[in-house]
Amino acid sequence: MTEAGPGMAASAPLWERDEEVATLEQAIGALRADAATPGSLLVFSGDAGLGKTALLAEARRMAESAGCVVWSARGGETVTSVPFNVVRQLLQPALVSLLPEEAREYLGDWYDIAGPALGIAEPGDRPPDPQGVCDGLVAAVRRLAKREWPLVLLVDDAHWADQETLRWLAAFAERLDDLSVLIVVARRPGGVSGVSAGHLDTIAAAARPTATLSALTPSAAEGLTRATVGEHADGPFCREVWAVTGGNPYETVELLAKVQDSGLDPVEATAAELRALNRSARGRGLVARLEGLGIDATRFAWAAAILGTGISLDLAAHLAGMPAEEAVRCAELLGVARILTRTEPVNGRVPEGDLEFVHPLIASAVYRSIPDALRTAMHGQAAWAVTDSGRGAAAASRHLLEVHPDEDPELVEQMREAAREHLAVGAPDAARRCLERALAEPPRPDVHARVLYELGCATLLTAPARTIGHLRAALDRPGLEGDLRVDAVFRLSQALLHNDQLEEAVRTVDTEAARLDPGPARMRLQAVHYMWEGIHAGEDQASGRSSGLVELARTCTGRDNSERALLILRGFDAMTRGENAEEVAELCDRVLVNGRLAPGLGWTDTEWGIELLLMLGSAYAYADRLDRAESLFSEALHAYMKAGWSGGHLALANAYLGLAHRRRGRLADAETYQRESLRLAERVGRGLPLYWSATCGLIDTLLARGHLLEAEEIAEEYGFAPPYPSTIVLPDIRSVRGRLLCAVGRTKEGVNELEAAEKAAAARGHHNTVLAPWAVDLARALATEDPARAAVLAAEARRQAERFGTDTAIGEALRCAAALESGQRAVRLAAQAVTYLEASPCQYEHAAARVEYGIAARSVSELNKGLTLARSCGADGLVAQAERALDDRA
């Protein structure tokens, strides 16, 4: 197939683009100079036809001439609903060229997570976390970029890129500081809304100032006209070319090509004919020109427009209903007319499809020229053609989204299958669109509830509020029975919890449990009831709740996961209430099978959710079984990283592993995990319970390290103040804030906060003095102002600590008591605190006790022991305190 070219006008879009070309040259030169150079991002913005694509073509030419590797991709107006479409275009050629073992080597642990999204690996057994897939794609490109340096990535028509690609590109653009790669993005301004608009804003913010392209000036249009049609073109003719096209480079090129084709003499006498010629090159004129090629060529062009990108000659012929020979002839005609062109090899590789439109403006005009009813029918035919070609339901779904509802049960099943395929590669928004379309069909009555249930499951991670409506509607319809209905109730309660509607979550579970006969299903919902009540910070039926749990758990042996769940809940409740720690540990041990979590109760199993296992680990952590707690939370972290769950689940795993390290006294490690938790929580969204866990844990650790200024800054930056969430936060949020306020000199506010912690703990029956250490902190704060009350608080804390029975609890209570005394009484109590805390797994508390004992006893030996321990813990404030005391002794 041949394509008529407009001579020198081929370079028209680069006229008056010297500044943009210079910017490209500078960026490519910087990239090529040093592999350690930080990456950079350029964004060219401009209306259609202003030369964005030509700038990217020039970027390719310059980069390849400089010895760079260039990967490119383009968005498409009709394929914005296809997840990972643009990022697949970008990366697939490079990845497909690798042997499977090479791809695995380069992508490492991310192969199984990002591979399905890229179409180079089969999906796993469980749907991946969308954020994990995004992180996997970022990691994939980072690793490949180091292998392919110097690498240039070109993304054209980013305003038409799919949401999943834009999410990746936004994340990647923010991580260029330590990666030498150049990204060049071209987009039209505006025209995008919602999540995609936010991603494009992030991309623009990460770029150098975005270059906004403008139309050609009259002098440039004059120069271009003479360069194309001849130096004899007179001034009035050239000025009319500019006036007719508005200086749009693409329209100027097309108009001048028409001038050449028509043999029009470029003089003032013929200038009046330019407007008619220009109309034939755009909009209805282009359509008329297409129709002039004949019905067969028009039908073939329509078929190509329906397919959009990666246009296969055979598939277009099938859709147009013509034999292959006729399709080839039509493609030739459309090529001569500058409507279609053959796809050219990129980096020596032939991209998917045989044909593409010469310009997106042409593609849009042809697509919109198809009569509405026929366009809809052709999308339906395209869906079947794509399915017959073996590309799967997901590939066909973008066409089915355009088909009018017609109570077609087969379409419903296709969209359900497409949703499953989208979820399997980490594209829940694409799955949502398919299931919403299935509902519009609508499904048969016996299937309707299941589609709603599937839709609710698809949106659980991304839109809890929307999930609530879908699952409630599913439960209101017939069709969900047995385990499926119980699971729907559980997921609905989860969504309500994540939407901060915990009381409604409990009522929902109770209502369904009341409908069921005794058995595993009812026991599961009873366990869920107690699980949500157990993390409800405002619950005031503590005694009744605990006695109910005691009765339910009394007969549980741990023979199935419902019984194991009740044992966990009983153990967690006993721990928070400060019951005997050995009994707490015994309850928790009965949950495990040979020291490990039972099948179906793992961190990535969805039947119970993360909350239950966090309760198990926390019960161990505060019962001085830190080895077991650390093992569980480490297992969570590894499980989520391996599965690519890098959203809220990974944030909580980091927070609670940080908690385990904080309890052990590994403060630097604790801070590292908690900062990572806060970073991940920021991506999920502020205000959620996991966000509070990350913030509270980090502030608690910074206080232990003696980094008061940092702790105060974190509290200010992240809104660590009332109102608090409706769920329990570990460590106790009011105790930590009260301690912070006292530490920075805001003692009155700190006392008020600790008194509020006292009331909240009393209402819930929480008497564990390590979990909620408000009593010892309040006693220290009141030591001077109200010593009598301080003594009462310390005595009660010691009584509760001895009831709980751990070395940590008793040692901490003795430390508090010693701080309220003086003389030999203080020395004896401090010595007793050291004895208990030396046997405790909590090394920071042991170090603090040693230093305090050394100061009370004026013992250089004890101070040196405390100093050594404090240094090993990373407790800088304690180190300074010990060093000052040693200096005083010297």
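What you see is a predicted model, and the numbers here were worked out from it, not measured in a lab.

**Here we look at the pattern of salt bridges**
Applying the stated criterion across every chain yields a total of 62 salt bridges. A salt bridge links R625 to D589, with the nearest nitrogen and oxygen atoms 3.5 Å apart. Taken together, the residues span a long stretch of sequence, with R625 in the loop between α30 (610-622) and α31 (626-643) and D589 in helix α29 (residues 581-589) at a distance of 36 residues. Connected via shared salt-bridge partners are R662, R663, D700, R739, D777 and E845.

**A look at the nonpolar core**
Core analysis: the biggest nonpolar cluster contains 176 residues, and F300, I339, F357, W532, W603, L616 and I699 have the highest contact counts within it. If you tally residues by element for this core, the top one is α30, at 10 residues. Excluding its chain neighbours within four sequence positions, the residues that come into contact with F357 are A301, A304, A305, I311, I339, L340, I362, A363 and V366.

**Regarding the packing of helix α37 (residues 747-764) against helix α38 (residues 774-781)**
In the contact formed by α37 and α38, the axes pass within 9 Å of each other and the chain directions differ by 150°. On the basis of the axis angle, α37 is roughly antiparallel to α38. Handedness of the crossing formed by α37 with α38: left-handed. Within the contact between the two elements, α37 uses T747, V751, L754, E755, A757, E758 and A761 and α38 uses W774, D777, L778 and A781. Its residues assigned to classes, the contact of α37 with α38 shows 7 nonpolar, 1 polar and 3 charged.

**Things to note about the sheet that holds strand β4 (residues 181-187)**
Whether parallel or antiparallel, the strands of a sheet pair through hydrogen bonds between backbone atoms. Taken in spatial order, the 5 strands line up as β2-β3-β4-β1-β5 in an open sheet, and their pairing is parallel. Each edge of the sheet is formed by a strand with only one pairing partner; in this case those strands are β2 (69-74) and β5 (211-212). One ladder, built from 6 bridges, connects strand β1 (residues 40-45) with β4; its direction is parallel. Paired with L41 across the strands is I183, a residue of β4. With respect to the sheet, helix α2 (residues 52-65) is in contact with β1, β2, β3 (151-156) and β4, its orientation differing from that of β3 by roughly 165°.

**Brief notes about the packing of helix α26 (residues 520-534) against α30**
Between α26 and α30, the shortest axis-to-axis distance is 10 Å and the interhelical angle comes to 65°. The interaxial crossing formed by α26 with α30 has left-handed handedness. Touching M531, W532 and G534 of α26 are E611, L612 and M615, all from α30. Within the contact of α26 with α30, the residues separate by chemical class into 4 nonpolar, 1 polar and 1 charged.

**Brief notes about helix α6 (residues 130-148)**
Compared with the 27 Å implied by 1.5 Å per residue over 19 residues, the 27 Å span of α6 between its first and last C-alpha is a close match. For α6, a buried count of 16 out of 19 residues is recorded, marking the element as mostly surrounded by other parts of the structure.

Conventions we followed
- Counting from 1, residues in each chain are numbered in the order their sequence is written.
- Restriction of local features to residues with pLDDT of at least 70 applies here, the model being predicted, together with a cutoff of 80 or more for giving and counting side-chain atom pairs; totals for whole chains, interfaces and linings are based on all residues.
- Values shown for side chains rest on all heavy atoms present in the structure; no hydrogens or waters enter the calculation.
- Here, a salt bridge means any Lys or Arg side-chain nitrogen found within 4 Å of an Asp or Glu carboxyl oxygen.
- Only DSSP runs of H or I reaching four residues or more are called helices, and only runs of E reaching two or more are called strands; each is numbered from the N terminus.
- Side-chain atoms within 4.5 Å link the members of a nonpolar core, which is a set of buried Ala, Val, Leu, Ile, Met, Phe, Trp, Tyr and Cys residues.
- Classification of residues uses two cut-offs on accessible area relative to the type maximum, computed with a 1.4 Å probe and protein chains only: under 20% is buried, over 50% is exposed, and between them is partly exposed.
- We call two residues contacting when some pair of their heavy atoms lies within 4.5 Å.
- Here an axis means a line fitted to C-alpha atoms, over the contact stretch when the element is a helix, while the angle between two N-to-C directions is reported on a 0 to 180 degree scale.
- Any angle that falls under 35 degrees is termed roughly parallel, while one over 145 is termed roughly antiparallel, one within 65 to 115 roughly perpendicular, and all others oblique.
- Less than a right angle of anticlockwise turn of the near helix away from the far helix marks a crossing as left-handed, whereas a clockwise turn marks it as right-handed.
- Three categories are distinguished: nonpolar for Ala, Val, Leu, Ile, Met, Phe, Trp, Tyr, Cys and Pro, charged for Asp, Glu, Lys and Arg, and polar for the others, with Gly belonging to the last.
- The pairing criterion for strands is at least two bridges between them, as found by DSSP.
- Expected helix span is given by 1.5 Å per residue-to-residue step, counting one fewer step than there are residues.

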